[in-house]
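Summary of structural features
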Amino acid sequence: MHQVDDLAGQAVAYVQRALGITLGYDSETLPVLDHYISTVPRDRPEMIELVTVTAGAYLGEVVRRQIGGRWEMDNPAQAMSWRLVLPTGLNFSPMGFVAAAIVGDELGDVDTAFDAPPAMLPYVEVTLGNMSEQSDQEYYSLCGRYDTLAHLHEVLVA
């Protein structure tokens, strides 16, 4: 967890320096983080990678603190492979969500999907299918992903 805390803390520091706003590890700060990642130059892969990993750690910590869950790190050296697993088993790659938010699209080699244990997948699919349409900008935003995740979690708990 120390590694996640360090990376999330870096995201907080970057946003503080760039925007003068301190992120507080709650979902209300995600619009600020969305704004910050929208400023990442698309032609600077090293910047994209740095922001993806640090903002992903921050996003994961917001979800863990607000909804619950645990980090799964099969390979601690590969942050892009880390997943956050909610108490319901619903899980996702916070870094994948951030990478998709930066480019505003799916990435073939990056995990940007929600996942769940096989017995729960039909409920996830039905719930996602019943949700209202979103613009691409809203869908890929961290706010939109958090709202979808929170809704899916509530449905699975019920």
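Just so it is clear, the structure is predicted and the values come from calculations on it, not from any experiment.

1. Quick look at the sheet that holds strand S2 (residues 83-85)
Ordered in space as S1-S2-S3, the three strands form an open sheet in which the pairing is antiparallel. Pairing within the sheet leaves two strands with one partner each, and these edge strands are strand S1 (70-72) and strand S3 (91-92). Pairing of S1 with S2 involves three bridges; the strand directions are antiparallel. Its bridge partner lying in S2, Glu72 is registered against Arg83. Packed on one face of the sheet, helix H3 (residues 45-66) meets S1, S2 and S3 and runs near 140° to S1.

2. Things to note about the nonpolar core
Leu33, Ile37, Tyr58, Val63, Leu86 and Leu90 are the most contacted members of the largest nonpolar core, which has 46 residues in total. Broken down by secondary-structure element, the contributors of at least two residues to this core are helix H1 (2-19), helix H2 (30-38), H3, helix H4 (94-103) and helix H7 (142-157). Of the residues forming this core, the biggest block, nine residues, is contributed by H3.

3. With respect to the packing of aromatic side chains
Under the criterion given, the structure shown has five aromatic pairs. The interplanar angle of 80° and the centroid separation of 6.1 Å between the aromatic rings of Trp71 and Trp82 together place this pair among those described as edge-to-face. In this pair, Trp71 is assigned in strand S1 and Trp82 in the loop between S1 and S2, connecting sequence segments eleven residues apart. Each member of the pair Trp71 and Trp82 is classed as buried. Between Phe92 and Phe97 the ring centres are 4.8 Å apart and the planes differ by 20°, which places this aromatic pair in the stacked class. Classification of Phe92 by relative accessible area gives buried; the value is 0%. Taken together, the aromatic side chains of Phe92, Phe97 and Phe114 make up a single cluster linked through ring pairs. A cation over a ring is seen here: Arg145 above Phe97, with NZ or CZ 4.4 Å from the ring centre. Directly above the ring of Tyr139 sits Arg145, whose terminal nitrogen or CZ lies 4.5 Å from the centroid.

Thresholds, definitions, all that
- Residues numbered from 1 in each chain as written.
- Predicted model: local features only at pLDDT ≥ 70, side-chain atom pairs only at ≥ 80, totals over all residues.
- Heavy atoms only, no water.
- Pairing = 2+ DSSP bridges.
- Helix = DSSP H or I, 4+ residues; strand = E, 2+ residues; numbered from the N terminus.
- Contact = heavy atoms within 4.5 Å.
- Axes fitted to C-alpha atoms, helices over the stretch in contact; angles between N-to-C directions.
- Core = buried A, V, L, I, M, F, W, Y, C linked by side-chain atoms within 4.5 Å.
- Buried < 20%, exposed > 50% of the residue type's maximum accessible area, 1.4 Å probe, protein only.
- Phe/Tyr/Trp six-rings, centres within 6.5 Å; stacked < 30°, edge-to-face > 60°.
- Lys NZ or Arg CZ within 6 Å of the ring centre and 35° of its normal.

Geometric values such as these leave the question of function open.
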